[in-house]
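Breakdown of the fold
What follows is each chain in one-letter form.
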Amino acid sequence: MSIFGQPTPQQDGPAKAAGALRFLTDLRLDGMCHGAVVRCPHGHARVRAVDASKALCMEGVLAVVTPADAPMRLIPGEHFYDKRISQRPVLFDEPTWSGAPVAAVVAETAALAAHAARNVEVDYEVLPTVSSLDEALAERVRAFTNKANAALPFGPVRLDRGDVDAAFDGAHHVVEDTYQTATVQAAAWEPYAVVVEPHEDGGLTVHKGTPAPFLLREQMAVWLGVAANRVRVVCPPVGGGFGSRMDDLEYIATLLAKRVKRPVRVVLSRGEGFIAGRVRHGARLTVRSALDGDGRLLGRDLTAWYDVGGHLDLGPYVILRALRPLALYKTDNLRFRGHLLYTNRPVSGATRGFGNPQATFAIESHNARLCNDLGIDLGEFRRRHLLRANETNVSLGVVDTATGVFKTGTGNVSSCELQACIERVTEALASEHSVRDGEHRRGVGTACGMHTTGKGRKEVSTASVEWLADDRIVVSSGAPDQGGTGVATSLAMIAGDVFNVPISRIEVRLADTERELQDSGAHASGRTYVAGEAVLHAAEQVKARLDQGDPLPIAEQYRHKPTSNAPPFCCCGAVVEIDVSTGICKVTRLVVAVD
C-alpha cells in the first residue's frame with residue numbers, strides 16, 4: 001500500500017514533543033562566547049561617536065566593534081535591478097530605523113554581553129523621520145539623507161494591457177476602494193539566533209536557520225573576499241521561519257568571531273526580534289474596476305504602495321507578487337503601478353506570502369463589495385472571470401530595468417483546478433448562514449488566491465540517496481526545513497514509496513553546504529515540489545541498481561531543475577462570529593481547498 005494518502009506523523013514529531021530536538025539555541029561549542037547588539041533607539045540618526053570604554057572595563061568583556069571597525073565591504077544585495085541599491089552595512093553610521101545595529105559586544109556570558117551593550121555610549125545626531133506611507137509620499141522629509149523616498153530608481157513597476165482609460169470611460173459601473181494592511185512580524189517561537197565558528201584558514205562555519213543556505217554561503221564569501229568553499233552553512237531544525245530570518249545577524253557574529261578568534265553565539269530577545277527581524281510590508285492599495293451592465297469586468301486598475309522600511313532588502317521582488325491577484329481575474333484591460341517607499345520603520349522582507357497577501361486582501365475584498373453593491377452573485381462573478389488552464393498568466397514576466405515596465409511572458413497556466421476548489425469549499429459551508437442583526441453577528445465569506453511554487457524555473461535542488469551495507473537508507477538534500485513544514489518527512493515518504501519501506505527506515509539529512517548538494521532555498525513552499533523530485537529520481541536510480549543485483553552500498557545523486565511550474569491556487573472559506581458590544585471576533589470555522 002502506498003505511503004501517500006495515509007496519516008503520517010512527522011519524523012521529528014516525537015523528539016519535538018519530548019523536548020529532545022536540538023535547535024540552534026541548544027548548540028554549545030568549545031570556547032564559545034556570546035555577542036550582544038547595540039541598537040539605535042531613534043528612527044533616523046547619524047552616529048557621531050561611540051564610547052565603549054565602560055563596557056571594555058568590565059571583566060569578561062572581550063571586544064566591542066563599531067562602524068569604524070566593520071569592513072568597508074557592504075553586505076551583498078540581491079534583486080533583479082541592481083544589487084548595489086540593496087547593499088547595506090553590517091553596522092550603521094546612519095541608522096535608518098529604530099533597532100538598526102550600530103555596535104556589538106562579545107563577552108564570556110550572554111548576560112555580561114547584554115549588560116556591556118547597555119553601557120556602550122553612542123552620541124547621535126537625531127534626524128527627521130518618515131513614519132508612514134503618507135509622509136514618504138509627501139517627500140517633505142527623507143528616510144535617508146542621500147536618497148529619495150521612492151526606493152526604485154525607475155519609479156513604480158508598471159504594467160499596461162489594453163486600453164484601461166477607454167474601458168472606464170465606457171463602463172456602466174465603476175467601483176473604487178482603498179485598503180490598508182499592517183506591518184506584520186512573524187514572531188516565530190524560536191528566537192532569532194546564529195552561531196559562527198571561525199577557522200584558522202580564514203574561513204568559517206555559520207549555524208543558522210536560514211531559508212537559503214547556499215545563497216547565504218555565496219553572499220558571505222563575497223563579503224569576506226574568500227572562495228565559497230571556505231564558508232560552510234549548516235541549517236539546524238528551525239522553530240518557525242516564515243521568511244523573517246534573513247536578518248543579517250550572521251555578519252555581526254562574524255565580525256565578533258573574527259575579532260576574538262572563538263565561536264560566537266548571538267541570540268536576540270523577543271523585543272529585539274520585533275525590530276531586528278524582517279517584517280511583512282505594510283501596504284496601501286487602491287483598486288478600481290469597470291463593469292458593463294451585465295456585471296462583466298471591462299477593466300481593472302491596481303495601484304500599490306509598499307513600505308520597505310529602513311532599507312530595500314527584497315522589496316523589488318516582493319512588489320511583483322502584488323500582480324498575482326490582479327492576474328487571477330481575466331480582463332482585456334489591466335493597469336498596475338507598484339511603488340516601493342522608504343520609511344524609518346522596521347525593515348520589510350520576505351515574510352510569508354512575499355507581497356501577495358496584501359494585494360489578495362484588497363482584490364478579494366473589493367470583489368465582494370462590488371458584487372454586494374451591484375447585486376451580482378459572487379460565485380457567478382468568479383465563474384465568469386477566474387483564470388483557467390491554458391490561459392495566459394499576465395503576472396509572469398520580466399521588468400525592463402531601464403523603465404520599470406513589466407513585460408508579460410508567453411507562458412500559459414498548465415494546470416488549474418480552482419473552480420473545483422471553490423465547489424468543495426462552497427459545499428462544505430452550505431449549512432452556514434450569516435447573521436447581520438443583533439449583538440452577536442455571524443459572517444460567512446470566501447476568498448480565492450494564486451501564488452507561486454518556489455522560484456519557478458530558477459529553482460534547483462540536489463539530493464543523494466544511499467542504501468548502506470548495514471541496510472540503513474540515508475536521504476541527503478541541500479534543502480532546509482523552515483520549521484514545521486515537514487520537508488524531511490515528505491522526502492522520507494517519497495523515498496519510502498519508491499523502496500516500499502516504512503519511513504522509520506529512512507534517515508533524512510538536510511541543509512549542510514559542506515555536502516555540496518546545491519539547493520536554491522525554501523521559497524514559497526517549493527521544497528516538496530523541487531527537492532522531492534530530486535529525491536524521487538535518485539531513489540529510482542538506487543532501486544534500479546538494486547533490482548539488477550548490484551551489491552550494497554549503493555549511492556546515487558540527482559540534480560533537479562523544473563521545466564514547468566504551474567501556480568498553486570486556493571479557495572478559503574471562513575465563519576466569523578462578532579460580539580458587537582465588545583468587538584471580539586472569533587473564527588469558528590475555516591475551510592481551505594488547494595490545487
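Before any of the text, the structure's been laid out above.
Reference entry: report on the structure contained in this document. (Residues numbered from 1 in each chain as written. Predicted model: local features only at pLDDT ≥ 70, side-chain atom pairs only at ≥ 80, totals over all residues. Heavy atoms only, no water.)

A rise of 1.5 Å per residue sets the reference length of helix H15 (residues 527–547), with its 21 residues, at 30 Å; its end C-alpha atoms lie 29 Å apart and thus fit the reference within 8%. For H15, the full list of buried residues reads Arg527, Val530, Ala531, Gly532, Ala534, Val535, Ala538, Ala539 and Val542. Of the surrounding secondary structure, the elements contacted by the buried residues of H15 are strand S20 (461–467), strand S21 (473–477), helix H14 (487–499) and strand S23 (554–560). (Helix = DSSP H or I, 4+ residues; strand = E, 2+ residues; numbered from the N terminus. Expected span 1.5 Å × (residues − 1). Buried < 20%, exposed > 50% of the residue type's maximum accessible area, 1.4 Å probe, protein only. Contact = heavy atoms within 4.5 Å.)

All right, on to the environment of Pro76 then. By the element assignment, Pro76 lies in the loop between strand S3 (61–65) and strand S4 (101–107). Considered as a pair, Pro76 and Thr145 are 69 residues apart in the sequence and their alpha carbons are 21 Å apart.

Another point: the packing of aromatic side chains. A full pass over the atoms with the stated rule returns six aromatic pairs. Arranged with centres 5.7 Å apart and planes meeting at 80°, the rings of Tyr179 and Phe361 form a pair that is edge-to-face. Taken as a pair, Tyr179 in strand S7 (residues 173–181) and Phe361 in helix H11 (residues 356–374) lie far apart in primary sequence, 182 residues in all. Take Tyr179: its relative accessible area is 14%, and that puts it in the buried class. Residue Phe361 is classed as partly exposed on the basis of its relative accessible area of 41%. Sitting over the face of the ring of Phe144, Lys147 holds its NZ or CZ atom 4.4 Å from the ring centroid. (Phe/Tyr/Trp six-rings, centres within 6.5 Å; stacked < 30°, edge-to-face > 60°. Lys NZ or Arg CZ within 6 Å of the ring centre and 35° of its normal.)

With that settled, consider the nonpolar core. Of all hydrophobic cores here, the largest spans 67 residues; its most connected members are Val157, Tyr306, Leu328, Phe336 and Leu418. The leading source of residues in this core is strand S15 (residues 297–309), at six residues. In contact with Leu328, other than residues within four places in its own chain, are His385, Leu386, Leu387, Leu418, Cys448, Gly449, Met450 and Phe569. Counting residues in each nonpolar core, the second largest holds 34 residues, with Ala63, Leu204, Leu224 and Leu255 among its members. (Core = buried A, V, L, I, M, F, W, Y, C linked by side-chain atoms within 4.5 Å.)

Looking now at the packing of helix H6 (residues 213–224) against helix H7 (residues 249–260). Following both chains from N to C, one finds H6 and H7 inclined at 45°, their axes separated by 12 Å at the closest point. Here H6 lies oblique to H7, going by the angle between them. Remark: the crossing between H6 and H7 carries right-handed chirality. Residue-level inspection shows Leu216, Gln219, Met220, Trp223 and Leu224 of H6 in contact with H7, the latter providing Glu250, Tyr251, Thr254, Leu255 and Lys258. The residue inventory of the contact of H6 with H7, partitioned by class, reads six nonpolar, two polar and two charged. (Axes fitted to C-alpha atoms, helices over the stretch in contact; angles between N-to-C directions. Parallel < 35°, antiparallel > 145°, perpendicular 65-115°, else oblique. Left-handed = near helix turned anticlockwise from the far one by under 90°. Nonpolar A, V, L, I, M, F, W, Y, C, P; charged D, E, K, R; others polar.)

Here we come to unusual backbone geometry. In the segment running from Leu552 into Pro553, the intervening peptide bond is cis, with an omega of 0°. Position of Pro553 among the secondary structure elements: in the loop between H15 and S23. Here Ala187, not a glycine, exhibits a phi torsion of approximately 50°, which is positive. Note that Ala187 resides in the loop between strand S8 (184–185) and strand S9 (193–198).

To continue, consider the pattern of salt bridges. As enumerated under the stated definition, the model contains 46 salt bridges in all. A salt bridge links Glu125 to Arg46, with the shortest nitrogen-to-oxygen separation between them at 2.9 Å. In this pair, Glu125 is assigned in strand S5 (residues 121–126) and Arg46 in strand S2 (residues 45–51), connecting sequence segments 79 residues apart. Taking relative accessible area as the criterion, Glu125 reaches 28% and is therefore assigned partly exposed. Its salt-bridge partner being Arg442, residue Glu432 comes within 2.5 Å of it at the nearest N-O pair. Within this pair, whereas Glu432 is found in the loop between helix H13 (418–428) and strand S19 (440–450), its partner Arg442 is found in strand S19, the two being separated by ten residues in sequence. (Salt bridge = Lys/Arg side-chain N within 4 Å of Asp/Glu carboxyl O.)

Where S19 lies against strand S24 (residues 569–579), eleven bridges are found, and the strand directions are antiparallel. Each residue of the ladder has a partner; that of Cys448, found in S24, is Cys571. Two strands pair when backbone bridges link them, and S24 and strand S25 (residues 585–594) are joined in this way by nine bridges, in the antiparallel orientation. If you follow Ile578 over to S25, its bridge partner there is Cys585. With antiparallel pairing between neighbouring strands as the criterion, S24 and S25 make up a hairpin whose turn holds five residues, including Gly583 at a positive phi of roughly 80°. (Pairing = 2+ DSSP bridges.)

Glancing now at the sheet that holds S23. Ordered in space as S22-S21-S20-S23, the four strands form an open sheet in which the pairing is mixed. The sheet is open, and its two borders are formed by strand S22 (506–510) and S23, each paired with just one other strand. Across the sheet, the mean angle separating the axes of adjacent strands is 15° when strand polarity is ignored. Strand direction decides the pairing type here: S20 and S23, joined by seven bridges, are antiparallel. Across the sheet, the residue bridging to Trp467 is Ile554, located in S23. Strands in contact with H14 are S20, S21 and S22; relative to S22, the strand with the most contacts, it is inclined by about 140°.

Taken together, the side chains of Val587, Leu590, Val592 and Val594 define a hydrophobic patch exposed on the protein surface, amounting to about 390 Å² of accessible area. As for its position among the elements, Val594 is in strand S25. (Patch = residues over 30% accessible without salt bridge, like charges linked within 9 Å, V, L, I, M, F, W, Y side chains within 5 Å. Areas by Shrake-Rupley, 256 points an atom, 1.4 Å probe, with all protein chains shown as cover.)

This part is about the side chain of Arg300. Positionally, Arg300 belongs in strand S15. Of the side chains with opposite charge, Glu364 comes closest to the buried, unpaired Arg300, at an N-O distance of 6.7 Å. Of note is the side chain of Arg300, whose polar atom sits 2.8 Å from the side chain of Ser289. For Arg300, the side chain forms a polar contact with the side chain of Asn367, separated by 2.7 Å. (Lys, Arg positive; Asp, Glu negative; His and termini not counted. Polar contact = N/O pair within 3.5 Å; in protein donor to acceptor, adjacent residues only side chain to side chain.)

With that settled, the discussion passes to H7. Taking 1.5 Å per residue as the helical rise, H7 with its twelve residues ought to reach 16 Å, and the 17 Å between its terminal C-alpha atoms agrees with that figure. For H7, a buried count of ten out of twelve residues is recorded, marking the element as mostly surrounded by other parts of the structure. Considered for burial, the residues of H7 that qualify are Leu249, Glu250, Tyr251, Ile252, Ala253, Thr254, Leu255, Leu256, Ala257 and Val260. Just past H7, the residue Lys261 takes up positive phi, approximately 55°.

The next subject is the side chain of Asp519. As for its position among the elements, Asp519 is in the loop between S22 and H15. In this structure the side chain of Asp519 is engaged in a polar contact, spanning 2.5 Å, whose partner is the side chain of Ser461. A polar contact is formed between the side chain of Asp519 and the side chain of Arg527, at a distance of 2.7 Å. With residues near it in sequence (within four places) discarded, Asp519 still touches Phe214, Val460, Ser461, Gly478, Ala479, Pro480, Arg527 and Ala531.

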